[in-house]
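Each chain, letter by letter, is given below.
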Amino acid sequence: MTDQPNTGSSGAGSARPQKTALHDVHEKLGARFTDFGGWDMPLKYGSELDEHKAVRTDAGIFDLSHMGEVRVSGPQAAEALDHALISRLSAVAVGKAKYSMMCTEDGTIIDDLITYRLADDEFLVIPNAGNAPTVASELVSRAESFDCTVADESSETSLIAVQGPNAERVLASLPGADVRNLAEVKYYAFFRGTVAGHDVIIARTGYTGEDGFEIFVPNSGAHDVWAAVMDTDAVTPCGLASRDTLRLEAGMPLYGHELDLSRTPVDAGLGVLAATKSKDAFVGRDAIVAAKKNGAARKLVGLKGDGRRAARAGYTVLTSDDKEVGEVTSGALSPTLGYPVAMAYVDADVAEPGTALSVDIRGKHYPYTVVQLPFYKRDR
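Residues numbered from 1 in each chain as written. Predicted model: local features only at pLDDT ≥ 70, side-chain atom pairs only at ≥ 80, totals over all residues. Heavy atoms only, no water.

Colleague: Just give me the short version of helix 8 (residues 285-294), but keep the residues and values in it.
Modeller: Residues three or four positions apart in an α-helix share a direction because the helix packs 3.6 residues into each turn. Taken together, the buried positions of helix 8 are occupied by R285, I288 and A291. Viewed end-on, helix 8 has its buried residues packed into an arc of 125°, placing them on one side of the element. What points out from helix 8, more than 90 degrees from its buried face, is the exposed set D286, K293 and N294. Against strand 5 (97-103) lie the buried residues of helix 8. Positive phi shows up at G295, right after helix 8, with a value of about 80°. (Buried < 20%, exposed > 50% of the residue type's maximum accessible area, 1.4 Å probe, protein only. Helix = DSSP H or I, 4+ residues; strand = E, 2+ residues; numbered from the N terminus. Arc of directions from axis to C-beta. Contact = heavy atoms within 4.5 Å.)

Colleague: Could you give an account of the environment of K279, naming the residues involved and the relevant values?
Modeller: If you trace the backbone, K279 turns up in the loop between helix 7 (240-249) and helix 8. On a C-alpha basis, the gap between K279 and L85 in space is 11 Å, while along the polypeptide they are 194 residues apart. Setting aside anything within four residues of it in sequence, one finds K279 in contact with L81, D82, L85, I86, S87, R88 and R285. A distance of 2.4 Å separates a polar side-chain atom of K279 from the backbone oxygen of D82. (Polar contact = N/O pair within 3.5 Å; in protein donor to acceptor, adjacent residues only side chain to side chain.)

Colleague: Talk me through the pattern of salt bridges; I want residue IDs and the actual numbers.
Modeller: Here the structure, examined in full by the defined rule, presents twelve salt bridges. Between E138 and R142 there is a salt bridge, with the nearest N and O atoms lying 2.8 Å from each other. Remark: R142 and E138 occur in helix 4 (residues 132-142); sequence separation between them is four residues, near one turn of the helix. In this structure E138 comes out as partly exposed when scored by relative accessible area, which is 26%. Across the salt bridge formed by R298 and D347, the nearest N and O atoms sit 2.8 Å from each other. In this pair, R298 is assigned in strand 14 (residues 298-305) and D347 in strand 17 (residues 340-347), connecting sequence segments 49 residues apart. The exposure class assigned to D347 is buried, which follows from its relative accessible area of 18%. The network of salt bridges with common partners includes R56, E210 and E249. (Salt bridge = Lys/Arg side-chain N within 4 Å of Asp/Glu carboxyl O.)

Colleague: Could you give an account of the UniProt feature "domain: GCVT N-terminal" (unreviewed entry) in the protein, naming the residues involved and the relevant values?
Modeller: Under the UniProt annotation, the feature "domain: GCVT N-terminal" (unreviewed entry) is placed at residues 22-276. Between the C-alpha atoms that bound residues 22-276 there is a distance of 41 Å. The span itself is 24% helix and 29% strand. (UniProt positions renumbered as here; feature names shortened; annotations may be inferred.)

Colleague: Give me the lowdown on the UniProt feature "domain: Aminomethyltransferase C-terminal" (unreviewed entry) in the protein, citing residues and values where you can.
Modeller: Residues annotated by UniProt as "domain: Aminomethyltransferase C-terminal" (unreviewed entry) correspond here to residues 298-377. The distance separating the terminal C-alpha atoms of residues 298-377 is 25 Å; by composition the span is 0% helix and 54% strand.

Colleague: Provide a residue-level description of the nonpolar core, including the pertinent values.
Modeller: Judged by nonpolar contacts, the single largest core of 41 residues is most densely connected at I86, Y99, M101 and Y116. Counting only elements with at least two residues in this core, the list comes to strand 5, strand 6 (109-119), strand 7 (122-126), strand 9 (157-163), strand 11 (198-203), helix 7, helix 8 and strand 17. If near-sequence neighbours (up to four positions away) are discounted, Y116 is found in contact with K96, A97, E122, F123, L124, I126, F190, A203, T205, E214 and F216. Core analysis: the second largest hydrophobic core is formed by 31 residues, V162, L174, V185 and V229 among them. (Core = buried A, V, L, I, M, F, W, Y, C linked by side-chain atoms within 4.5 Å.)

Colleague: Hey, could you go over the packing of aromatic side chains for me, with residue numbers and the actual values?
Modeller: Following the criterion strictly, the structure yields three aromatic pairs and no others. With a centroid separation of 4.9 Å and 70° between ring planes, the pair formed by Y187 and Y188 is classed as edge-to-face. Here the basic side chain of R263 rests over the ring of Y345, its NZ or CZ set 3.7 Å away from the ring centre. Lying over the aromatic face of Y339, K304 brings its terminal NZ or CZ to 4.6 Å of the ring centre. (Phe/Tyr/Trp six-rings, centres within 6.5 Å; stacked < 30°, edge-to-face > 60°. Lys NZ or Arg CZ within 6 Å of the ring centre and 35° of its normal.)

Right under this line is the structure:
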């Protein structure tokens, strides 16, 4: 959901990245760090391939405390979010979450985010790291005419994710934890529990394409919760490099790549998120209605490559007669599937699955085929 890791130097004179409450833990684990959305985050601890495979086959633990947390509460909190976001948050039941977007008046994407309904009059909005200050500021502005308050709690909150087919077993085995019957917690549902003596929110959400949970805890409890999970000896610490390949295989868009201020939800194939039929007004509604009516000139598609050469963000997509028809937004050699995969925006007339295209990789054209997303889908 957020900006891709930058593995290069941040440059002289740049602002020093923020550190999460778990930064010292990652240092002791030998993490290699990267500037990610303005935060000094673990890129990997050893092999990103091993970390990727751990999540696909067992369980991995991630520090996601760079993500934002903005609480919206009050009698008109639901109405305020209905106005501020493109989805109908007032229809979300308490204990459930919804993926949505915040857009400009022109219908372009400020951020994609998840909102949890904590109570009838209380919501927790989770923006991406680099967008958190903007989203918080926009929510304050857009809620001015509603009877509610907006509180940015990003600097006070840690977020720890346990992802993989064995994530449920790992959390259920935590000694002394109040984690309910996890098997009864549906996808995009959450509950309040206790881990390592700390009150937490545990959500069955994630960004890896696997089963898993995300644990919200005050910064003061982050060390204890991380240690409790690690003490099970059943998880692998994972960095942002593996998280990126995991989400790519699962066909999940990344802000700054598939989503940005130049794209509408319709362009990204996510126009369904916009409640244009059930809401008479929200910021960006008229532009999104027009985009739905006109259709996207370029569509977001999956590309499957032959051989082993991976297309990367910014590479040009071409037809068989070398006509430029698009651009890759994300790409990698899939650790799970063993062949190159990419997401790209291509002209609508070449977006049909099965269409043969090519990608210019350092001056040479390599064959790719349009395929339906996601590339990988777990067994349920």
